[in-house]
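Observations on the model geometry
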Amino acid sequence: MTETVPAGPRGGLPERCRIAVVGSGLAGLSLARELAEHGADGVVVLEAGPDRGHAHKELLTRDESLKLWHTEDPDFHRAWASEWPPHYVHSSGLRRRLGGRSLYWHGVCLPVEEQVLRSGAWPPALAAELLGEGLPEGSLYDQVGAQLADWAGAPLGHCRSTRERRLVARLQELGHPVQPTPQAARSERLPGGEVRQVPFTPLTHWRGPVPLPLPYPVLPDCPVTHLRTASDGSVEVTVGRPGGPAEVLRADQVVLAGGTFENTRLVGRVLAETHGLDSWEFDNLTDHVNQGFVVTVPRATMPLPPGPGRAFCFTPELDTCRSYLFFDVMESPRPDTVLMCVWTMGEQVSTESRVRVERVSPGGQWELGVQPTISPADDRIVERQAARLAEVAERVFGIDPLTYSLRKEDFREGGPLFLPQLRAALGHDATVSGGAVFPYVYPLGSVDHEAGTLALGGDAVDEDGTVRVMPRVSVLGPAVFPRQGAANPSLTTLALAKWYARRLCSR
Ligand SMILES: Cc1cc2nc3c(=O)[nH]c(=O)nc-3n(C[C@H](O)[C@H](O)[C@H](O)COP(=O)(O)OP(=O)(O)OC[C@H]3O[C@@H](n4cnc5c(N)ncnc54)[C@H](O)[C@@H]3O)c2cc1C
């Protein structure tokens, strides 16, 4: 059994520990779990937000879940200012609570594309491990996939319903080589009897129906505000608990897993102070280029079985628009119509978006400013995506391509947005007025895939994830992705947690 840090008099916050993990989201808790498997002791996880239980938002109704995600979440925390709204001002942000965004994500698990891993942007040794070159135990992705499949009781890309099987078959007939979207999710029965696909959260390991409970303290309401090297070489981690004085925990090693922006804030402050400055800037902030449409058609146009149950599939469109194309069947309020969301998610090409970390008061408040950029190469992705979506609307749903209205300017201007378009689609009766599409864009910084500011092998962080000016501090999560490709980030975040744990424990 792994040794635990004894609860101290300071509400469980010890004076000292071996490894302090900052953040209890997808990255932080997954790392803690991996460390436990390696038998590491003296680990403490510090979480800024409260403990509000571990129920995933997918256990709510669709309306409640959308509201929580887009509009009414007491734990939503966007601690940066954008210099170019509508970019980086929408629903992306921390969900500052135990579990973080692992209680909100959809569970889509795609690896970073091989050509991106081999492009030279990723450290070659890590790329080889992600791809499994020379590893008898298989690639890091395969290892994580196997763990998630064990938890889910089925492979991630299995077909989850008859409806999904029919959707895949129909789209294949129409020339789209789709397959079920790999998701780390499993069927759970809600109290009312309804069965839902609920995504994985690493909180399961800590407090859920065991397999392996985390043997470490996971301390809520412990926001980390500052890091400093102490005279004995350890790291002084300052914790500013609400309503209390600042407290210090000394750690031999610190792993920052507070999400891209919070990791950037903490490292930016360290870098600025090391160089005697009041601010620090990072480039390479990237997000995904995401646009799509909600469509409602009579069931005869898309002959899928009625009744509940999601159907969700995808196909790569990497050559045409550096993107994936997703088809997601939603619950329709009308039995004779089918409601679907179809979207493209592509890699942002520009690496020019910047984050500025700046001291705003002598007392030590450090704020974040985001300077988003959309380059001409990003515009081309947007145009190709829109053209592809118009083609799909015509070939799959019989919509006149001339009525498909998204232009590249819409992405730059940041509208129309998803929620109003979904509402419009819900209000449209396709049996009376015929099928219709409701195109939307997600401006940059609204799909929670912000990444890249602390890239592995870049100026601030070395190829191992160590902060160059503070070698006992390392960073985990999408912030360290040198390039994220078109894939959703979390499978790679989980793979990196496995990789970090092994390296930390071998030191
Ligand atoms: C609705 C939604 C759907 C998504 N769907 C997918 C999907 O299908 N597939 C996919 O790959 N990704 C998806 N994502 C993105 C994914 O959830 C994030 O990429 C992922 O959670 C990031 O992990 P993280 O651990 O870096 O950050 P988080 O999960 O945000 O965790 C960070 C944690 O650190 C805490 N923290 C922050 N600062 C501090 C501090 N200073 N001190 C202490 N604690 C701190 C935060 O409170 C938080 O709990 C989705 C996100 C959302 C919101």
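Residues numbered from 1 in each chain as written. Predicted model: local features only at pLDDT ≥ 70, side-chain atom pairs only at ≥ 80, totals over all residues. Heavy atoms only, no water.

Notes on the overall build of the protein
Counting secondary structure elements, the protein contains 14 helices and 22 strands. Its C-alpha atoms give the protein a radius of gyration of 23 Å, within 12% of the compact-globule value 23 Å for 507 residues. Taking the principal axes of its C-alpha atoms as reference, the protein extends roughly 75 × 50 × 45 Å. Taking the contacts inside the protein whose residues are at least 6 apart along the sequence as the reference set, 71% of them involve residues at least 24 apart. Here the protein displays about 19,600 Å² of accessible surface, and carbon together with sulfur accounts for 52% of that area. Counting 50 positive and 61 negative side-chain charges, the protein places the averaged centre of each group 3 Å from the other. (Helix = DSSP H or I, 4+ residues; strand = E, 2+ residues; numbered from the N terminus. Rg over C-alpha atoms; globule rule 2.2 N^0.38 Å. Contact = heavy atoms within 4.5 Å. Areas by Shrake-Rupley, 256 points an atom, 1.4 Å probe, with all protein chains shown as cover. Lys, Arg positive; Asp, Glu negative; His and termini not counted. Charge placed at Lys NZ, Arg CZ, Asp CG, Glu CD.)

Concerning the pattern of salt bridges
This structure, assessed with the given rule, holds 40 salt bridges. The shortest N-O distance in the salt bridge between Arg 16 and Asp 252 comes to 3.0 Å. Here the residue Arg 16 occupies a position in strand E1 (residues 16-22), and Asp 252 occupies one in strand E12 (residues 246-256), the gap between them amounting to 236 residues. Exposure remark for Arg 16: the relative accessible area of 39% places this residue in the partly exposed category. Taking relative accessible area as the criterion, Asp 252 reaches 26% and is therefore assigned partly exposed. Note that Arg 228 and Glu 236 form a salt bridge whose closest N and O atoms lie 3.3 Å from each other. A network of salt bridges, in which partner residues are shared, links Arg 16, Arg 228, Asp 232, Glu 236, Arg 250 and Asp 252. (Salt bridge = Lys/Arg side-chain N within 4 Å of Asp/Glu carboxyl O. Buried < 20%, exposed > 50% of the residue type's maximum accessible area, 1.4 Å probe, protein only.)

Focus on the site of the ligand
Residues in contact with the ligand amount to 35 residues; listed here are only the nearest, Ala 27, Glu 47, Arg 101, Val 108 and Ser 490. Here an oxygen atom of the ligand sits 2.8 Å away from a polar atom, N or O, in the main chain of Ala 27. Taking Gly 100, its main chain carries an N or O atom lying 3.5 Å from an oxygen atom of the ligand. Considering the ligand on its own, with 1,000 Å² of exposed area, one finds that the protein chains cover 98% of that surface. (Near = heavy atom within 4 Å. Polar contact = N/O pair within 3.5 Å; in protein donor to acceptor, adjacent residues only side chain to side chain.)

Points about the sheet that holds strand E4 (residues 80-82)
Ordered by their spatial adjacency, four strands build an open sheet running E4-E19-E18-E13, and the pairing between neighbours is mixed. The outermost strands of the open sheet, each flanked by one partner alone, are E4 and strand E13 (279-282). Taking the axes of each pair of neighbouring strands and ignoring which way they run, one obtains an average angle of 20° across the sheet. As defined by bridge partners, E13 adjoins strand E18 (residues 354-359) across four bridges and the pair is classed as antiparallel. In the sheet register, Ser 279 faces E18, and the bridge partner there is Glu 358. (Pairing = 2+ DSSP bridges. Axes fitted to C-alpha atoms, helices over the stretch in contact; angles between N-to-C directions.)

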